[in-house]
Amino acid sequence: MDLNELRLEIDKIDDELVRLFGERMDVAAKIADFKRENNLPIFHPGRERAKLQDVAEKAGPEMANYTRVLYSMLFELSSSYQSKCRGFVSPLYREITQAIENTPKLFPQAPMVACQGVEGAYSQIACEKIFKNPFIMYFKNFEAVFNAIDQGMCQYGILPIENSTAGSVKKVYDLMIQHNFSIVRTFRLKVDHNLLVNPGTKLSDIKEVYSHEQAISQCGDFLQNLPGVNVIPVGNTAIAAEMVASSGRKDVAALSSRACTELYNLECLASSVQDKGNNRTRFICISKNLEIYPGSDKTSIMMILNHKPGALYKVLARLYILGINVTKLESRPIPDREFEFMFYFDLETSIYSEEFIQLMCELDELCEEFKYLGSYTEVV
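Now for a look at the structure at hand.

Cut-offs used in this document
- Residues numbered from 1 in each chain as written.
- Predicted model: local features only at pLDDT ≥ 70, side-chain atom pairs only at ≥ 80, totals over all residues.
- Heavy atoms only, no water.
- Helix = DSSP H or I, 4+ residues; strand = E, 2+ residues; numbered from the N terminus.
- Rg over C-alpha atoms; globule rule 2.2 N^0.38 Å.
- Contact = heavy atoms within 4.5 Å.
- Areas by Shrake-Rupley, 256 points an atom, 1.4 Å probe, with all protein chains shown as cover.
- Salt bridge = Lys/Arg side-chain N within 4 Å of Asp/Glu carboxyl O.
- Patch = residues over 30% accessible without salt bridge, like charges linked within 9 Å, V, L, I, M, F, W, Y side chains within 5 Å.
- Axes fitted to C-alpha atoms, helices over the stretch in contact; angles between N-to-C directions.
- Parallel < 35°, antiparallel > 145°, perpendicular 65-115°, else oblique.
- Left-handed = near helix turned anticlockwise from the far one by under 90°.
- Nonpolar A, V, L, I, M, F, W, Y, C, P; charged D, E, K, R; others polar.
- Expected span 1.5 Å × (residues − 1).
- Bend = angle between axes of the 7 residues up to and from the residue.
- Buried < 20%, exposed > 50% of the residue type's maximum accessible area, 1.4 Å probe, protein only.
- Core = buried A, V, L, I, M, F, W, Y, C linked by side-chain atoms within 4.5 Å.
- Pairing = 2+ DSSP bridges.

Of the regular secondary structure elements, the protein chain holds 13 helices and 15 strands. Its C-alpha atoms give the protein chain a radius of gyration of 26 Å, more than 25% over the compact-globule value 21 Å for 380 residues. Structurally, the protein chain occupies a C-alpha span of about 80 × 55 × 45 Å along its principal axes. For the protein chain, the share of sequence-separated contacts (at least 6 apart) that also reach a separation of at least 24 residues comes to 76%. Element-wise, carbon and sulfur atoms account for 53% of the exposed surface of the protein chain, whose accessible area totals about 19,400 Å².

This is how it looks when you write it as structure tokens:
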């Protein structure tokens, strides 16, 4: 046989597979009707395990693993189709629909907003990009920002969640597990770190550099070229600038935003010292209540998955089936639960799409626990 003949043979087999797949999905729809009428769950793990074992044995040793993968995907397709046929509307989707109806059409202009740090912090800069005329309250650490939202001191909070160079802000992810909140908007801020000093300080005078640990990691190449300098992490880049200014010393410096130069009467000894020019930090804007503004096309969720092989695959397979793009996947250990992890997903899908509706109605069956963090737009 030549290649064309082999391809024709494959095409004939594929035609038969497509026909049989359609028949299988028709039967799956009938099973969905039966389960709905008898109030039975879509997912039946025992049946699935037995079926996988059966088809693997029938396929033989050489094809067993390939067959398991094929049927695992078939099971996800069937479950998704059954959920769609069943027409089930989850309590979560009802809550989302109510939030869409009750959220004002115009994004707030001048709310009370919690930021970590002091005047001149990057959180403040992000806040002023997200809101037109915000009233800002500053807090010592990230946990205090979450608490300000929990206690109703501020309507919104601004928190850094990831950086294009240094990666995720782990502390914020850990706090997200512990607090109830909703993400209402995100913003990507271009970050330029500058070496700020008291007037008259020379580069050769510097013995200590203060900054936030993320900024320090983003400026690693520059700092390596300062021999003998002690790098000291502090709570915030603006706090670092404030410390340098209040010290009056001419042997210390801060890695901070350019805005801190004028705020704290400092001089910029070196500008844009981060390792990469396109250095951006993504900030989330959170609220206590679920607010979903018009045009929201990104969604964030957190999931606790069963601690067994294939658990994450099932979620990713379902997202693939629905055509939903995953733009962020982060895992963090769950406090007091040994070797168990919370998975954080950022998804691209409009809140008005059928895929979004179906996913919100299927989350219960995909994982052990989940937390819907909100739907929003991202400002760049």
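Here the narrative resumes.
This paragraph deals with the pattern of salt bridges. Under the defined criterion, the tally for this structure stands at 20 salt bridges. Close ionic contact of Arg 19 with Glu 16 constitutes a salt bridge, the shortest N to O distance being 2.3 Å. Residue Arg 19 and its partner Glu 16 are both found in helix H1 (residues 3-37); the two are separated by three residues, about one turn of the helix. As a salt-bridge pair, Lys 314 and Glu 76 come within 3.4 Å of each other at their nearest N and O atoms. One end of the pair, Lys 314, is in helix H12 (residues 311-322); the other, Glu 76, is in helix H3 (residues 64-86), and 238 residues separate them in sequence.

Residues Met 1, Leu 3 and Leu 6 make up a contiguous nonpolar surface patch of roughly 350 Å² in combined accessible area. Structurally, Met 1 is set in the segment before H1.

In this section: unusual backbone geometry. One non-glycine residue, Asn 39, lies in the positive phi region at around 55°. Along the chain, Asn 39 falls in the loop between H1 and helix H2 (45-59). Of note in this structure, Asn 265 is not a glycine but carries a positive phi near 55°.

Interhelical geometry of H12 versus helix H13 (residues 354-366) gives an angle of 160° and a closest axis separation of 11 Å. As far as their axial angle goes, H13 and H12 are roughly antiparallel. Viewed along their axes, H12 and H13 form a crossing whose handedness is right-handed. From H12, Lys 314, Val 315, Arg 318, Leu 319 and Leu 322 reach across to H13, where they touch Glu 355, Gln 358, Leu 359, Glu 362, Glu 365 and Leu 366. Its residues assigned to classes, the contact of H12 with H13 shows five nonpolar, one polar and five charged.

Turning our eyes to something else, we now look at H13. Its 13 residues give H13 an end-to-end C-alpha distance of 18 Å, which sits within 8% of 18 Å, the value for a rise of 1.5 Å per residue. The sharpest bend along H13 measures roughly 35° and falls at Met 360. Turning to H13, its buried residues number three or more, namely Phe 356, Gln 358, Leu 359, Met 360, Cys 361, Glu 362, Leu 363 and Leu 366.

As a rule of thumb, nonpolar side chains are buried together in soluble globular proteins. Formed by 28 residues in total, the largest nonpolar core has its most connected members in Leu 159, Met 176, Ile 183, Ile 286 and Tyr 344. Residue assignment for this core shows that the elements contributing at least two residues are helix H6 (142-150), strand E3 (156-163), helix H7 (170-178), strand E11 (280-287), strand E12 (298-304), strand E14 (341-348) and strand E15 (369-379). For this core, the element with the most residues is H6, which contributes six residues. If you look at the next biggest cluster of nonpolar residues, it comprises 26 residues, including Met 303, Ile 351, Leu 359 and Cys 367.

Across the two faces of strand E6 (residues 194-197) the burial is the same, with Asn 194 and Leu 196 and Leu 195 and Val 197 all buried. Relative to strand E9 (residues 252-256), E6 is paired through three bridges, and the arrangement is antiparallel. By the bridge assignment for E9, Leu 195 is matched with Leu 255. As paired strands, E6 and strand E10 (residues 267-270) are joined by three bridges and run antiparallel to one another. Looking at the pairing, Leu 196 lines up with Cys 268 of E10.

Fair warning: the whole summary comes from geometry, so function is off the table for now.
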